[in-house]
Amino acid sequence: MAGAAPPDAPRPGLKVGILALQGEVSRHAAALRALGATPVEVRGPADLAGVDGLVLPGGESTTMSKLLDSSDLRAPLAARLADGMPALGTCAGMILLATEVLDGRADQQSLGTIDVTVRRNAFGRQVNSFEADLDLTWDGAAVDGGPFHAVFIRAPVVEAAGPDVEVLARVGEHPVLARQGPTVVASFHPELTDDLRLHRLFLSTFEEN
Ligand SMILES: NC(=O)CC[C@H](N)C(=O)O
C-alpha cells in the first residue's frame, strides 16, 4: 500500500516557537533543528509574535496554565491559534490545547484549539509511564517507516474527539495522536526518541497554511 511519505524538509528559516515557560524544551528544539527549522524559545508575547508556529511541550499543565497568565501570553496565544497558527501539543501541551479537561485543577484553563476531551493522568493508572509501538496515519494513509515507538509519561487519555478531529494513532480504543487542521496533539513524548516523523509531519502543516 502506498504510504503517506513524510514531506521533505520545509523551507529554511521557518521559525518554530517552543513554549518555554516550564517543561521539556531542548529535545523539541533539537528535533526541529534537525529538520531544518529554527527553534525559538517563547517566554513572552514578543517571542510569540516572531514565530510561524508553536510547540507546546510536556510538563505540568496546571503550572503551564498559570504561567500563560503571568507571562501575558494567554491572550496573544489564543489569538494566533484562532488565526490558524500551526501548533503541536505533546502530553501537557495536548491538555492545554484541548477543549475540555477532566480531573484538572479548578483554576486550570485550556485554550480549546482542538475538539477533544482529555482526562489528566488517567492512562494506565497503575503505572506512571509506559511505551508502545504505534501505527500512524496521516490524511487517511499509513505513514511510511513502520511503527512509531512512543513514550508515555503520566499521559492524558482522550475520552472524546469531535467530528472534525482526525485520529492518527490509538492505544487500544484511545486516540493518542490527533489532528484538527494545523493543530496536532500527542499524549506521548515524540521528542524522547530519535524518530523525527511526527515533527516532520507537523512541519508539513506549515506548508498548507
Ligand atoms: N508528561 C506530561 O506532560 C505529563 C502531563 C501532566 N500529567 C499534566 O497533567 O500536566
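Worth saying up front: this structure is predicted, and the values here are computed from it rather than measured. (Residues numbered from 1 in each chain as written. Predicted model: local features only at pLDDT ≥ 70, side-chain atom pairs only at ≥ 80, totals over all residues. Heavy atoms only, no water.)

## Some points on the site of the ligand
Around the ligand sit Gly-58, Gly-59, Glu-60, Ser-61, Cys-91, Ala-92, Ile-95, Arg-120, Asn-121, Ile-153, Arg-154 and His-189, and that is every residue in its neighbourhood. Take His-189: an N or O atom from its side chain is 2.9 Å from a nitrogen atom of the ligand. Within the complex, 98% of the 300 Å² of free accessible area of the ligand lies under protein. (Near = heavy atom within 4 Å. Polar contact = N/O pair within 3.5 Å; in protein donor to acceptor, adjacent residues only side chain to side chain. Areas by Shrake-Rupley, 256 points an atom, 1.4 Å probe, with all protein chains shown as cover.)

## Brief notes about the sheet that holds strand E6 (residues 114-119)
Ordered by their spatial adjacency, 3 strands build an open sheet running E5-E6-E11, and the pairing between neighbours is mixed. Because the sheet does not close on itself, it has two edges, and the strands there are strand E5 (98-102) and strand E11 (157-161). Recorded for the sheet is a direction-independent mean angle of 25 degrees between the axes of neighbouring strands. Bridge count between E6 and E11: 4 bridges; the pairing is antiparallel. From the neighbouring strand, Val-116 faces E11, where its bridge partner is Ala-161. (Pairing = 2+ DSSP bridges. Helix = DSSP H or I, 4+ residues; strand = E, 2+ residues; numbered from the N terminus. Axes fitted to C-alpha atoms, helices over the stretch in contact; angles between N-to-C directions.)

## Focus on helix H4 (residues 74-82)
The set of residues buried in H4 consists of Arg-74, Leu-77 and Leu-81. What you see down the axis of H4 is that its buried residues fit within an arc of 70 degrees, all on one side. Exposed and oriented more than 90 degrees from the buried face of H4 are Ala-75 and Ala-82. Contacts made by the buried residues of H4 are with helix H2 (45-49), strand E3 (53-56), helix H3 (61-70), strand E4 (87-90) and helix H5 (92-97). The first or second residue beyond H4 is Gly-84, which carries a positive phi of 95 degrees. (Buried < 20%, exposed > 50% of the residue type's maximum accessible area, 1.4 Å probe, protein only. Arc of directions from axis to C-beta. Contact = heavy atoms within 4.5 Å.)

## What about the UniProt feature "active site" (unreviewed entry) in the protein chain?
The UniProt feature table records "active site" (unreviewed entry) at Cys-91, His-189 and Glu-191. The largest pairwise C-alpha distance within this set of annotated residues, which runs over 101 residues, is 11.1 Å, so the set is compact in three dimensions. Along the chain, Cys-91 falls in the loop between E4 and H5. In contact with Cys-91, other than residues within four places in its own chain, are Gly-58, Ile-153, Arg-154, Ala-155, Pro-156, Ala-186, Ser-187, Phe-188 and His-189. By the secondary structure assignment, His-189 is in the loop between strand E14 (183-186) and helix H6 (197-208). You can call His-189 buried: its relative accessible area is 8%. Excluding anything up to four places from it in sequence, His-189 contacts Gly-58, Cys-91, Val-151 and Ile-153. At 2.8 Å, the side chain of His-189 forms a polar contact with the side chain of Glu-191. (UniProt positions renumbered as here; feature names shortened; annotations may be inferred.)

## Brief notes about the pattern of salt bridges
Where charged atoms from two side chains of opposite charge approach closely, those side chains can pair. Tallied over the full model, the rule gives 8 salt bridges. One salt bridge connects Glu-60 with Arg-120, and the closest N-O pair in it is separated by 3.0 Å. Placement of Glu-60 in the loop between E3 and H3 and of Arg-120 in the loop between E6 and strand E7 (129-134) is noted, with a sequence separation of 60 residues between them. Since its relative accessible area comes to 10%, Arg-120 is described here as buried. Asp-107 is the partner of Arg-105 in a salt bridge, and the nearest nitrogen-oxygen pair spans 3.1 Å. (Salt bridge = Lys/Arg side-chain N within 4 Å of Asp/Glu carboxyl O.)

## Comments concerning the UniProt feature "binding site: L-glutamine" (unreviewed entry) in the protein chain
The feature "binding site: L-glutamine" (unreviewed entry), as given by UniProt, occupies Gly-59, Glu-60, Ser-61, Arg-120, Ile-153 and Arg-154 in the numbering adopted here. Separation in sequence by 96 residues is not matched in space for these annotated residues, since their most distant C-alpha atoms are only 12.9 Å apart. Tracing the sequence through the fold places Ser-61 in helix H3. Other than its neighbours up to four places away in sequence, Ser-61 contacts Ala-92, Ile-95, Leu-96, Gln-108 and Arg-120. Side chain to side chain, Ser-61 and Gln-108 meet in a polar contact 2.8 Å long. Among the secondary structure elements, Arg-154 is positioned in the loop between strand E10 (148-153) and E11. Contacts of Arg-154, omitting those with residues within four sequence positions, involve Cys-91, Asn-121 and Asn-128.

## Considerations on the sheet that holds strand E1 (residues 15-19)
Strand order in the open sheet formed by 7 strands is E2-E1-E3-E4-E14-E13-E12, with mixed pairing between adjacent strands. Each of the sheet's edge strands pairs with one partner strand only, and the pair in question is strand E2 (38-42) and strand E12 (166-171). Going from strand to strand, the sheet's axes swing by 20 degrees on average, the running direction of each strand aside. The pairing of E1 with E2 spans 5 bridges and is classified as parallel. Paired with Lys-15 across the bridge in E2 is Thr-38. Strands E1, E2, E3 and E4 of the sheet are contacted by helix H1 (residues 26-34), whose axis makes an angle of about 170 degrees with E1.

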